[in-house]
Amino acid sequence: MAGLLSRLGRKQKKTVRAAVVVAAGSATRMEGIDKVLTLLADVPVLVRTLRVFQNCDDIDEIVVVTREDLLVEVSQLCKAFALDKVSKVVVGGKERINSVLCGLREVRQDAELIAIQDGARPFLTQEVLGEVLEKAEATGAAAPAIPVTDTIKRVENGLAVETPDRSSLFAVQTPQVFEAGLIRAAVEKAVEEGVALTDDCAAVERLGMKVSLTQGSRENIKITTPLDLFLGEAILDARDGRVL
C-alpha cells in the first residue's frame, strides 16, 4: 500500500516550469522606437508578451531580462499590470546570448523546464505555448515553427549560388523550451566560447541535441520594424478584441 501511494505521489508531482523573457535589445531596426514599451491598443508590447505566461497555469515563474536604462520602468509595468509571476527583472548583457544567460542564472533552481521567449513577440497563443511545453517535457528541447513560404537563396558576394529545397525549411519562433540543465549548460558553453547566437536552439544543437518542432503560428510575429506595429494592430483587429 505504501508503495502504491508513493507511486501515485510521483505521478501527481507537477513539473516546475519557468520562463525567461528577453527584452534587452537596442531596437536599432525600430528607427528609435523602443519596441517592448510601444503601445498596441494601449497596452505595452512587453506586457502583452508577459500576460501569455502569466495566464498559463503551467508556468510557475517569469524572469524578465531588460536593459539597465529600462530596469525601473519594466519593474513598474509588471507591478502596474499585476504580473505577479514575474519574480525578478534583471539587466541583460551585450549580446542576446549573454542576456539569456543572465536570465537563466536567476531562474529558481527547482525549475525542470525553461521557456525562453522574445519580449517583442506579443501574439503567442496559449495553444502554441501549451503544445511546445508538452513536447519539450517529452523530448528535452522543442520550439514552434512554421514552413517557409518564400523561395530562399544562399548568397555569396551579392550573387545567388544556391536555392535550398523550400519543403525542408522552417522559420523557428519562440518560446523555445528546454530541460533546465540542458539549456543552462548549452548557453554557458556558448558564452565561454564566445559564440554569439541569435537562436537558443542553436546552443543545444552545438551539444549534439536534436530539437523537436511543434506547430507555430503566422500571428506569432516578432515586433522588429515599424511595419510590424501595423501588422500587430491588424492581428488585434482580427482577433476582435480577445484578451491575450
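For the structure, see preceding data.
All of these numbers come straight from a predicted model, not from anything done at the bench.

Side note on the overall build of the chain
Along the backbone of the chain there are eight helices and twelve strands. Taken across its 244 residues, the chain has 47% of its residues classed as buried. Sequence separation of 24 or more characterises 75% of the internal contacts of the chain that already satisfy a separation of 6 or more. Here the chain has roughly 12,600 Å² of accessible surface; of this, 51% comes from carbon and sulfur atoms.

What about the pattern of salt bridges?
Taken as a whole, this structure holds 15 salt bridges when the rule is applied. Among the salt bridges present, the one from Glu 137 reaches Arg 17, with a minimum N-O distance of 2.5 Å. Within this pair, whereas Glu 137 is found in helix H5 (residues 126-139), its partner Arg 17 is found in strand S1 (residues 17-23), the two being separated by 120 residues in sequence. Under the relative-accessibility criterion, Glu 137 is labelled partly exposed at 41%. Its relative accessible area of 9% is what places Arg 17 among the buried residues. Among the salt bridges present, the one from Asp 110 reaches Arg 108, with a minimum N-O distance of 2.6 Å.

Here we look at the nonpolar core
Residues Leu 46, Leu 50, Phe 53, Ile 62, Val 64 and Leu 129 are the most contacted members of the largest nonpolar core, which totals 41 residues. Elements with a minimum of two residues in this core: S1, helix H2 (45-54), strand S4 (61-66), helix H3 (71-80), strand S5 (86-91), strand S6 (113-118), H5 and helix H8 (226-238). Excluding its chain neighbours within four sequence positions, the residues that come into contact with Phe 53 are Ala 19, Ile 59, Ile 62, Lys 85, Ala 115, Gln 117, Leu 124, Leu 129 and Pro 175. By size, the runner-up hydrophobic cluster in this structure holds 30 residues, among which are Ile 97, Leu 101, Leu 104 and Cys 201.

Comments concerning the packing of helix H4 (residues 96-106) against helix H6 (residues 180-192)
In the contact formed by H4 and H6, the axes pass within 10 Å of each other and the chain directions differ by 140°. Classified by the interaxial angle, the pair formed by H4 and H6 is oblique. H4 and H6 meet at a crossing whose hand is left-handed. For the pair H4 and H6, contact is made by Ile 97, Asn 98, Val 100, Leu 101, Leu 104 and Arg 105 and by Ile 183, Arg 184, Val 187, Glu 188, Ala 190 and Val 191, respectively.

Regarding H3
Within H3 the residues assigned to the buried category are Val 74, Leu 77 and Cys 78. The buried residues of H3 occupy one face: seen down the axis, they fall within an arc of 100°. Seen from the open side of H3, the exposed residues pointing more than 90 degrees away from its buried face are Val 72, Gln 76, Lys 79 and Ala 80. The elements touched by buried residues of H3 are strand S3 (43-44), H2, S4 and S5. Looking at the residues trailing H3, positive phi occurs at Ala 82, about 55°.

Cut-offs used in this document
Residues numbered from 1 in each chain as written. Predicted model: local features only at pLDDT ≥ 70, side-chain atom pairs only at ≥ 80, totals over all residues. Heavy atoms only, no water. Helix = DSSP H or I, 4+ residues; strand = E, 2+ residues; numbered from the N terminus. Buried < 20%, exposed > 50% of the residue type's maximum accessible area, 1.4 Å probe, protein only. Contact = heavy atoms within 4.5 Å. Areas by Shrake-Rupley, 256 points an atom, 1.4 Å probe, with all protein chains shown as cover. Salt bridge = Lys/Arg side-chain N within 4 Å of Asp/Glu carboxyl O. Core = buried A, V, L, I, M, F, W, Y, C linked by side-chain atoms within 4.5 Å. Axes fitted to C-alpha atoms, helices over the stretch in contact; angles between N-to-C directions. Parallel < 35°, antiparallel > 145°, perpendicular 65-115°, else oblique. Left-handed = near helix turned anticlockwise from the far one by under 90°. Arc of directions from axis to C-beta.

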